[in-house]
Amino acid sequence: MSMNQQDLDPVNTADVDDVTDAEKELIEECEEIWKDMEECQNKLSLVGTETLTNSNAQLSLLIMQAKCLAAELNQWQKETPKIIPLNEDVLLTLGKEEFQKLRHDLEMVLSTIQSKNEKLKEDLEREQQWLDEQEQILESLNTVYNELKNQVVPFSESRIFNELKTKMVNIKEYKETLLFTLGGFLEDHFPLPDGKVKKKKKNLQEPTAQLITLHEMLEILINKLFDVPHDPYVKISDSFWPPYIELLLRNGIALRHPEDPNRARNGYGSVSLTVILQSQ
């Protein structure tokens, strides 16, 4: 035990020397501040009762700082530094305290790392689940792609052209059938007042106006709509039989001009033909 005390004595001496050096540095700093204060005091005595400037304000701050340092120096001079006896028991206690503190810090770090690892595991599981779902979707898309690839029919311009030509022919035939059916329906159910169906006249503006059939009225309205879409109104002449005009207006097939009641237009375009056919 005496050997250990002999080994630790130089350490105690070094600590005392450090305290003495710090005290000397404080004393020297206070002496320098005191010299500055004396110089400023001499300048103030020469100036007299002049208004304080910024430099004088700084001087007052330096004086207050010097007083604080002087008071702190006196306090240090009154106190005797307490040197911890560096024996085996004290070192053991200090070591235990440092070890406990280090252990506590390491436990905090370990807890933080474990919580981060758990969060990373959760993120990894979620990302793995998302990856599995994407792989399943990709596999399904590849299966659909392969099926569609096997079902692809070689492109042929001539074949497509023939199909379109056939469709156009069928549409024209259907159109002719609709027109023929419409004409027959109108001739049977909407004749002229004398009971005779009059053929369509080439010139409707003849001086001797003659009545035209309902079929001709509809054709005039529809042709006007397609020929002049920005002004589809037709003047209602004496050749239009008033009961038929009233029939078209009441059923919404024809509409009057909002400003001129003697003009009318087709209300539904080519749909009016289908409406009449469906009512048959």
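Numbering of residues begins from 1 in every chain and follows the order in which that chain's sequence is written. The predicted origin of the model limits local features to residues at a pLDDT of at least 70 and limits the giving and counting of side-chain atom pairs to 80 or more, whereas totals for whole chains, interfaces and linings rest on all residues. Only hydrogens and water are removed before side-chain values are computed, so all heavy atoms of the structure are retained for them.

(A) Region of interest: the pattern of salt bridges. By definition here, a salt bridge exists when the distance from a side-chain nitrogen of Lys or Arg to a carboxyl oxygen of Asp or Glu is within 4 Å. Under the definition given, this model contains 6 salt bridges. A salt bridge links D123 to K119; its shortest N-O distance comes to 3.3 Å. Of the two residues, D123 and K119 are both situated in helix α3 (residues 88-151); the distance of 4 residues between them amounts to about one turn of the helix. Note on classification: 1.4 Å probe, protein chains only; a residue is buried when its accessible area is under 20% of the maximum for its type, exposed when over 50%, partly exposed between these limits. Its relative accessible area of 52% is what places K119 among the exposed residues. The shortest N-O distance in the salt bridge between R126 and D123 comes to 2.4 Å. Remark: D123 and R126 occur in helix α3; sequence separation between them is 3 residues, near one turn of the helix. According to the relative accessible area criterion, R126 is partly exposed, its value standing at 48%. One salt-bridge network, held together by shared partners, links K119, D123 and R126. Helix and strand labels come from DSSP, where a helix needs a run of H or I of at least four residues and a strand needs a run of E of at least two; each type is numbered from the N terminus.

(B) Fine view of empty space enclosed by the protein. In this analysis a 1.4 Å probe is tested at points of a 1 Å grid over the protein atoms alone, and where it fits but cannot get out there is a cavity; an open set with protein on both sides within 12 Å along at least five of seven lines is a pocket; lining residues have an atom within 4 Å of a point. Grid points are joined across faces, edges and corners, and a volume is the space filled by probe spheres set on the points. Following the criterion strictly, the structure yields 2 cavities of 30 Å³ or more and no others. Volume-wise, the largest cavity comes out at about 50 Å³. For the largest cavity, the full set of lining residues is L221, V234, K235, I236, F240, I245, A254 and A264. Class assignment for the residues of the lining of the largest cavity results in 7 nonpolar, no polar and 1 charged. All amino acids are sorted into three groups, where Ala, Val, Leu, Ile, Met, Phe, Trp, Tyr, Cys and Pro are nonpolar, Asp, Glu, Lys and Arg are charged, and the leftover types, Gly among them, are polar.

(C) Quick peek at a negative patch on the surface. On the surface, D21, E25, E28, E29, E31, E32, D36, E38 and E39 cluster together into a negatively charged patch. Relative to the helices and strands, E32 resides in helix α1 (residues 2-47). The class for E32 is exposed, based on a relative accessible area of 53%. Note on patches: the residues involved have over 30% relative accessible area and no salt bridge, like charges join within 9 Å, and the nonpolar side chains Val, Leu, Ile, Met, Phe, Trp and Tyr join within 5 Å. A 1.4 Å probe and the Shrake-Rupley method give the accessible areas. Residues count as covered only by the protein chains that appear here. Positive charges come from Lys and Arg alone, negative charges from Asp and Glu alone, with His and the N- and C-terminal ends not counted. Just so you know, the charge point we use is NZ for Lys, CZ for Arg, CG for Asp and CD for Glu.

(D) Summary view of the packing of helix α4 (residues 157-189) against helix α5 (residues 214-227). Interaxial distance between α4 and α5 falls to 8 Å at its minimum, and their mutual angle equals 135 degrees. Classified by the angle their axes make, α4 and α5 are oblique. Counted together, L182, G183 and L186 of α4 and L214, H215 and L218 of α5 form the full contact between these two elements. For the contact of α4 with α5, the residue count by class is 4 nonpolar, 2 polar and no charged. Fitted lines through C-alpha atoms serve as axes, helices being fitted only where they are in contact, and the angles separating the N-to-C directions of these axes extend from 0 to 180 degrees. Our angle categories are set so that under 35 degrees counts as roughly parallel, over 145 as roughly antiparallel, 65 to 115 as roughly perpendicular, and the remainder as oblique. Contacts are assigned to residue pairs with any non-hydrogen atoms lying within 4.5 Å of each other.

(E) Structural context of the environment of G183. Within the secondary structure layout, G183 lies in helix α4. Given a relative accessible area of 7%, G183 falls into the buried group. With 33 residues separating them along the chain, G183 and E216 place their C-alpha atoms 9.4 Å apart.

(F) Geometry of the nonpolar core. Residues grouped as a nonpolar core are buried Ala, Val, Leu, Ile, Met, Phe, Trp, Tyr and Cys residues, joined through side-chain atoms within 4.5 Å. Counting 17 residues, the largest nonpolar core has L186, L214, M217, F240 and L248 as the members making the most contacts within it. Among the elements that take part in this core, α5 stands out by supplying 5 residues, more than any other. Of all hydrophobic cores here, the second largest spans 6 residues; its members include C30, A66, L69 and L73.

(G) Highlighting the packing of aromatic side chains. Within 6.5 Å between ring centres, the rings of Phe, Tyr and Trp (the latter by its six-membered ring) count as paired, and their orientation is classed by plane angle as stacked under 30 degrees, edge-to-face over 60, tilted in between. Under the criterion given, the structure shown has 3 aromatic pairs. Taking the centre distance of 6.1 Å and the plane angle of 75 degrees together, the rings of F190 and Y244 count as edge-to-face. Of this pair, F190 sits in the loop between α4 and α5 while Y244 sits in helix α6 (residues 242-250), and the two are 54 residues apart along the sequence. On the basis of relative accessibility, which here comes to 22%, the residue F190 falls in the partly exposed class. Exposure remark for Y244: the relative accessible area of 7% places this residue in the buried category. Through a chain of ring-to-ring contacts, three or more aromatic side chains come together here, namely F185, F190, W241 and Y244.

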